[in-house]
Number of protein chains: 4
Amino acid sequence: MRVLFIGDIMGRPGRAAAASEIPKLRDEYGGFDFVIANGENSAGGFGLTEKVMNELFGAGIDILTNGNHVWDKKDFVPLLDSEKRLLRPANHPAGTCGRGHAVYEKNGEKLAVLCLQGRTFMPPLDCPFRTADKIISECPVPAVFVDIHAEATSEKRALALYLDGRASAVIGTHTHVQTADEEILRGGTAFLSDAGMTGGHAGVIGMTADSVLPKFLLGTPCKFEVCEEDVRFQGAVVEIDSETGRSLNIKRVNRSVIKNH
Amino acid sequence: MRVLFIGDIMGRPGRAAAASEIPKLRDEYGGFDFVIANGENSAGGFGLTEKVMNELFGAGIDILTNGNHVWDKKDFVPLLDSEKRLLRPANHPAGTCGRGHAVYEKNGEKLAVLCLQGRTFMPPLDCPFRTADKIISECPVPAVFVDIHAEATSEKRALALYLDGRASAVIGTHTHVQTADEEILRGGTAFLSDAGMTGGHAGVIGMTADSVLPKFLLGTPCKFEVCEEDVRFQGAVVEIDSETGRSLNIKRVNRSVIKNH
Amino acid sequence: MRVLFIGDIMGRPGRAAAASEIPKLRDEYGGFDFVIANGENSAGGFGLTEKVMNELFGAGIDILTNGNHVWDKKDFVPLLDSEKRLLRPANHPAGTCGRGHAVYEKNGEKLAVLCLQGRTFMPPLDCPFRTADKIISECPVPAVFVDIHAEATSEKRALALYLDGRASAVIGTHTHVQTADEEILRGGTAFLSDAGMTGGHAGVIGMTADSVLPKFLLGTPCKFEVCEEDVRFQGAVVEIDSETGRSLNIKRVNRSVIKNH
Amino acid sequence: MRVLFIGDIMGRPGRAAAASEIPKLRDEYGGFDFVIANGENSAGGFGLTEKVMNELFGAGIDILTNGNHVWDKKDFVPLLDSEKRLLRPANHPAGTCGRGHAVYEKNGEKLAVLCLQGRTFMPPLDCPFRTADKIISECPVPAVFVDIHAEATSEKRALALYLDGRASAVIGTHTHVQTADEEILRGGTAFLSDAGMTGGHAGVIGMTADSVLPKFLLGTPCKFEVCEEDVRFQGAVVEIDSETGRSLNIKRVNRSVIKNH
Ligand SMILES: [Fe+2]
Ligand SMILES: [Fe+2]
Ligand SMILES: [Fe+2]
Ligand SMILES: [Fe+2]
Ligand SMILES: [Fe+2]
Ligand SMILES: [Fe+2]
Ligand SMILES: [Fe+2]
Ligand SMILES: [Fe+2]
């Protein structure tokens, strides 16, 4: 099966980029069985709203993974319980609103998707390695796609090697910068440290430079503003053998989005 | 002028990769005016020794930048004072051993090199932005190459935009994973979030997976061991207009190093 | 001279405690030349408002130091420039709104007050040690009171020893828990790692347990609510020799505030 | 039953202080059923050795809890498996060497001791709240003593309130500074944010100021040296009702240790 994964969608420019590029990529790649995107920044950079979520599903995204920003809009949180296509990091403890993994079926293909959050340079959570162990060992389908939302390159890479042969793909998000290390590991797991960010790249990881620089220069809080320039669509396409769950190929996607007038 | 920058050299495999690839790259690119490498991991992954330093200079490296690991081998620290080709992060306070920037001359070309360390998810230091302001404003030559040794993508990108038009290149190190965002910014500054790592890539950012995983799985310290498999040479080549200091081009380098028998 | 220092005032219960106890303490101690309080949590736990500030000045507080929360209410920030009795951490870089130190005069006594913020487990700022060096070396009066707003016991203690004989008092804030290590150091500097918190102590450092526990149990953000039970007034009284600037005595204050009906 | 708990024992001065003060305190308090100490810094400030451990048991300590430094001396780690009187934080994952809790019996009294480590500003571990839930719910005896080895006051206090009525005592360690907030909570749990440190207090949390200050002033690593001046014995005495497990009383201990010649 063919899966398109889209790196953190940042605000309106990111949503527009997803809407414009998904159809083109479908044509170029001959269709996708699943389109997955990390949606944690899709509403103005901070979390999601129901409207934004529906816009993204309408643009052809089947499943929205998330990360630390999924909690930003308080009114949205109950949707994590009711909307099965939404995932939050699975390594929040039992009792947390929402789900961290699910099996999806489309076109006769079945794909388990697992959302995990790292702990290095991030807030305390349950162990993503042990959480993955448990979920994957009980997983009823061979193909498992993992979004590891984490800061540290070491933690992402360690998780991928730990899950090599057990997950179909381990792809990182959260840094908003795409890495150049895509690879099929020995056991058949597709790996990429970070899928990047879908949104305006002219500023600082999706926000305008002007709105971010005071934080670095003065140490005072800033009101971040979504960057609308140099909009790019970033992610990866993974080909998975549906029967074995092994990946056959991973290709980074990183393209400029030209605004139409 | 043409500058080859080499991402963190990791232990013996990294040193061997530098020695074998620098001459080949010279041939392919038609020579380099300066070869700069981040050396903070060149001695077994932790700091440098005098012997290792001389081996790297002998392999064709002109200047060694560094980062947080430069202090790891206590006996090496005095060399930071005596050896002008060594730089430690410039944003340590006045009174710290060694220097953080210098102007180098070769082939009639002059290049200022500035080493800075980030503060996000890293130990406290002086502000890298203000330190760069001061050094660059007093810099007697137009071409300034900056190694920003930092964890957070936001801090690296913000520094590059802040210095755009004032530095020739702002290239990141420290995460050991090469990013795919090389770019000439509007003001002529070449930027790359992270140059990557020169060493064995089969494990976890230069160490073997077996020696690193217990830290993640058990939360107990590990004795990290240098990875010798999948050795790659990673860095970037930057073309700088010597008169204006603006960069004309930046190209990532990321190549497998085949061992000769 | 005699100085009353009040640990972080937390919301309405903290303000009420300050208003009720300052007059009683004045009577018991025979008056204070200066009353200083850390006000960073005085408006609902997050920052200050103009109204709250005026209420605190009206309750007999002469100077309000602050810490990381001083920026929480955006509308309040300009007051840092206009109101001389307000201090924010002095080790924000030049260009930051407000001031970090000032000399105050009352009853014929002169006292310099310096507000500093730590960097260990806190956001990056300029070095508090170097900042103190500069300000104290230029200080026109012998008596200097330092509020070191910091998380780590090591950083607070190191600063106090570093300034011993140069500052009259180095008293910590930010953890909201009073420490039991009050002491006059060898050079005459009064020290206390943390002055504690003036507000409701039944919950978790000033907030109700119910509103804080989900963060620890689920890893999800909470809406913190100010605790109104077990209200305590915490701080310290320091006697300073106005001519030498050396402290003669430091006494912790830690008392229950009984509500009147 | 009466329990003496001793805050982090720091190197040789701390061990000498324990040896000299335990007998005196026994006399003053009319005996202790259990003497518990946090031993993580007892060998030169970093971990333990077998010799040091035996010296501490010989001085009258029954149980040694620990924290993040327990792993510092590699040769010592296997003793965590073989020596039942040693505890490491219980919230390391299954598979970690050693044990985190045990029931001890002495003088006909039974006491469960549980060692936990915090996660705020500390390395990732399993959740201390959930770990405590599980261990306490299965605990066969009513009296449970908890050492919460943690940096943040909020996490320690939150844990104590969470366990109120289920643990006999929740006493903090790790900051090396004794707090002044001892209290019997509503449900009968004795609480103290930090028991303090048993060792030389003239420097910075047990190390000499001279050996620690360069880290703060220059940002470079230091070789810390154990402080031998102003030696203090710090801890707490807790009276527990053996049948209900509720605490009746908690008293801080904080006394100078005069060297005998
Ligand atoms: Fe994101
Ligand atoms: Fe994120
Ligand atoms: Fe490195
Ligand atoms: Fe580094
Ligand atoms: Fe506070
Ligand atoms: Fe604070
Ligand atoms: Fe300790
Ligand atoms: Fe500790």
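Residues numbered from 1 in each chain as written. Chains lettered and ligands numbered in written order. Predicted model: local features only at pLDDT ≥ 70, side-chain atom pairs only at ≥ 80, totals over all residues. Heavy atoms only, no water.

## Points about the coordination of the iron ion (ligand 3)
Residues and elements named next belong to chain B. The coordination sphere of the iron ion (ligand 3) contains the protein donors D8 (OD), E40 (OE), N41 (OD1) and H176 (NE2), at a distance range of 2.0 to 2.2 Å. Each of the 4 donor atoms bound to the iron ion (ligand 3) contributes to angles spanning 87 to 165°, and the resulting shape is irregular. Along the chain, the residues that donate to the iron ion (ligand 3) are spaced as D-x31-E-N-x134-H. Between the two metal centres, the iron ion (ligand 3) and the iron ion (ligand 4), the spacing is 3.5 Å, with E40 acting as a shared donor. With D8 in strand β2 (residues 8-9) and N41 in the loop between β3 (34-38) and α2 (50-58), this pair connects stretches of sequence that are 33 residues apart. (Donors = N, O, S within 2.8 Å, 3.2 Å for Na, K, Ca; no water. Tetrahedral: all angles 85-135°; square planar, octahedral: opposite > 155°, others 65-115°. Helix = DSSP H or I, 4+ residues; strand = E, 2+ residues; numbered from the N terminus.)

## A short note on the coordination of the iron ion (ligand 2)
All names here are of chain A. Around the iron ion (ligand 2), the protein supplies E40 (OE), N68 (OD1), H149 (NE2) and H174 (ND1) as donor atoms, at distances of 2.1 to 2.2 Å. Classification of the site at the iron ion (ligand 2) rests on its 4 donor atoms, whose angles at the metal span 84 to 144°, yielding the label irregular. On the primary sequence, the residues serving as donors to the iron ion (ligand 2) are separated as E-x27-N-x80-H-x24-H. Separating the iron ion (ligand 2) from the iron ion (ligand 1) is a gap of 3.5 Å, bridged by E40, which donates to each. On the criterion of sequence distance, the pair formed by N68 in the loop between β4 (63-65) and α3 (79-82) and H174 in the loop between β8 (169-173) and β9 (183-184) is long-range, its members being 106 residues apart. Taking the relative accessible area as the measure of exposure, H174 reaches 16% and is therefore buried. (Buried < 20%, exposed > 50% of the residue type's maximum accessible area, 1.4 Å probe, protein only.)

## Looking at the relation of the copies chain B and chain A
Each copy of the sequence occupies a distinct position, and chain B is placed on chain A by a rotation of 180° and an axial shift of 0.0 Å, giving an RMSD of 0.0 Å. The transformation relating the two chain copies, once decomposed into turn and shift, fits a two-fold axis. Among all residues of chain B, the one whose C-alpha sits closest to the rotation axis is B:T179, at a distance of 1.9 Å. Both copies contact each other with a shared surface, as 100% of the interface residues of chain B are interface residues in chain A too. (Least-squares fit on C-alpha atoms with pLDDT ≥ 70 in both. Contact = heavy atoms within 4.5 Å.)

## Observations regarding the confidence of the model for chain A
The share of residues in chain A with pLDDT of 70 or more is 99%, and the mean pLDDT across the chain is 97. On the interface metric, ipTM, the complex scores 0.97, and its pTM is 0.97. (pLDDT = per-residue confidence, 0-100.)

## Here's the deal with the UniProt feature "binding site: Fe cation 2" (unreviewed entry) in chain A
Residue and element names in this part refer to chain A. Under the present numbering, the feature "binding site: Fe cation 2" (unreviewed entry) in UniProt falls on E40, N68, H149 and H174. A stretch of 135 residues holds the annotated residues, and the largest C-alpha distance among them is 10.2 Å, short enough that they meet in one place. Relative to the helices and strands, H149 is located in strand β7 (residues 144-149). Once residues within four sequence positions are removed from consideration, H149 is found in contact with D8, N38, E40, N66, G67, N68, L116, Q117, G118, M122, T173 and H174. Engagement of the side chain of H174 in a polar contact is seen with the side chain of N68, the distance being 3.3 Å. (UniProt positions renumbered as here; feature names shortened; annotations may be inferred. Polar contact = N/O pair within 3.5 Å; in protein donor to acceptor, adjacent residues only side chain to side chain.)

## Let's talk about the pairing of strand β5 (residues 101-106) of chain B
All names here are of chain B. Where β5 meets strand β6 (residues 109-117), 6 bridges bridge the pair, whose relative direction is antiparallel. Residue Y104 lies in a different strand from β6, and its bridge partner there is L111. Adjacent in sequence and paired antiparallel, β5 and β6 are bridged by 2 residues, among which N107 carries a positive phi angle near 55°. (Pairing = 2+ DSSP bridges.)

## Quick look at the packing of aromatic side chains
Evaluation of the coordinates by the stated rule reveals 18 aromatic pairs over all chains. Taken together, a centroid distance of 5.4 Å and an interplanar angle of 25° make the contact between A:F216 and B:F129 stacked. Linking A:F216 in helix α6 (residues 209-218) with B:F129 in helix α4 (residues 128-137), this pair reaches from one chain into another. For the pair shown, A:F216 and B:F129 are each scored as buried. One aromatic cluster is present, built from ring pairs that chain together A:F129, A:Y162 and B:F216. Over the ring of C:Y162 we find C:R166; its NZ or CZ atom is 4.9 Å from the centre of that ring. Sitting over the face of the ring of D:Y104, D:K84 holds its NZ or CZ atom 5.4 Å from the ring centroid. (Phe/Tyr/Trp six-rings, centres within 6.5 Å; stacked < 30°, edge-to-face > 60°. Lys NZ or Arg CZ within 6 Å of the ring centre and 35° of its normal.)

## Focus: the interface of chain B and chain A
Contact residues are listed per partner, giving 38 residues for chain B and 38 residues for chain A. At the boundary of chain B with chain A, the tally comes to 2 salt bridges. Note that B:E229 is salt-bridged to A:R186, the shortest N-O span being 3.1 Å. Applying the counting criterion to the chain B and chain A interface returns 14 residue pairs in polar contact (both at pLDDT 80 or more). Put simply, the parts of the chain that give the side of chain B that touches chain A at least two residues each are α4, α5 (153-163), α6 (209-218) and β13 (247-256) of chain B. For the side of chain B that touches chain A, the element with the highest residue contribution is α5(B), accounting for 7 residues. Each residue belonging to the side of chain B that touches chain A can be placed in one class, and the counts come to 17 nonpolar, 10 polar and 11 charged. (Salt bridge = Lys/Arg side-chain N within 4 Å of Asp/Glu carboxyl O. Nonpolar A, V, L, I, M, F, W, Y, C, P; charged D, E, K, R; others polar.)

## So, helix α1 (residues 11-29) of chain D
All names here are of chain D. Look at α1: 26 Å from first C-alpha to last across 19 residues, which is about the 27 Å you get at 1.5 Å a residue. Within α1, the axis deviates most sharply at E21, by approximately 30°, and proline P23 lies no more than four positions further along. Of the residues flanking the end of α1, it is G30, one or two places downstream, whose phi is positive at about 75°. (Expected span 1.5 Å × (residues − 1). Bend = angle between axes of the 7 residues up to and from the residue.)

## Some details on the relation of the copies chain C and chain B
Aligned on chain B, chain C shows an RMSD of 0.0 Å; the corresponding rotation is 180° and the shift along the axis is 0.0 Å. Most of the interface of chain C is mirrored in chain B, where 100% of its interface residues are also at the interface.

## Quick word on the layout of surface pockets
Here the idea is plain: a probe the size of a water molecule rolls over the atoms and shows the empty space left. Of the voids in this model, the second largest pocket is the one considered here, and its volume is about 730 Å³. Every residue lining the second largest pocket is counted, 30 residues in all, and those nearest its centre are A:D126, A:R130, D:P93, D:D126 and D:T131. Grouping the amino acids of the lining of the second largest pocket by side-chain chemistry returns 8 nonpolar, 10 polar and 12 charged. (1 Å grid on protein atoms, 1.4 Å probe; cavity = no way out; pocket = protein on both sides within 12 Å on 5 of 7 lines; lining within 4 Å. Points joined across faces, edges and corners; volume = space filled by probe spheres on them.)

## Topic: the environment of B:Y104
All names here are of chain B. Here Y104 lies in strand β5. Note on Y104: relative accessible area 9%, which makes it buried. The sequence separation of Y104 and R26 amounts to 78 residues, and the corresponding C-alpha distance is 19 Å. Among all residues touching Y104, those that are not within four sequence positions of it are F34, I63, K84, R85, L87, E109, K110, L111 and V113. From its side chain, Y104 meets the backbone oxygen of K84 in a polar contact 2.8 Å long.

## What to know about the side chain of C:T131
Mapped onto the secondary structure, C:T131 falls in helix α4 (residues 128-137). Non-local contacts of C:T131, meaning those with residues more than four positions away in its chain, are made with C:A90, C:N91, C:L116 and C:D126.

## Topic: the interface of chain C and chain B
At the interface, 8 residues of chain C touch 8 residues of chain B. For the pairing of chain C and chain B, the buried interface totals around 600 Å² over both sides, and the portion due to carbon and sulfur atoms is 49%. In terms of surface lost to chain B, no three residues of chain C exceed C:R119, C:P124 and C:R130, which account for 60% of the buried area on that side. Across the chain C-chain B interface, the total number found is 2 residue pairs in polar contact (both at pLDDT 80 or more). For the side of chain C that touches chain B, a count of residues per class yields 5 nonpolar, no polar and 3 charged. (Buried area = accessible area lost by both parts, 1.4 Å probe.)

## Describing the pattern of salt bridges
All names here are of chain A. Using the criterion set out here, one finds 60 salt bridges over all chains in the structure. Across the pair R255 and E28 runs a salt bridge, and its minimum N-O distance is 2.6 Å. On the criterion of sequence distance, the pair formed by R255 in strand β13 (residues 247-256) and E28 in helix α1 (residues 11-29) is long-range, its members being 227 residues apart. Its salt-bridge partner being D62, residue K106 comes within 2.8 Å of it at the nearest N-O pair. Note that K106 is positioned in strand β5 (residues 101-106) and D62 in the loop between α2 (50-58) and β4, a separation of 44 residues in sequence. K106 gets classed as partly exposed once you look at its relative accessible area, which sits at 25%. Each of the salt bridges in this network shares a partner with another, and the network as a whole consists of E21, K24, E28 and R255.

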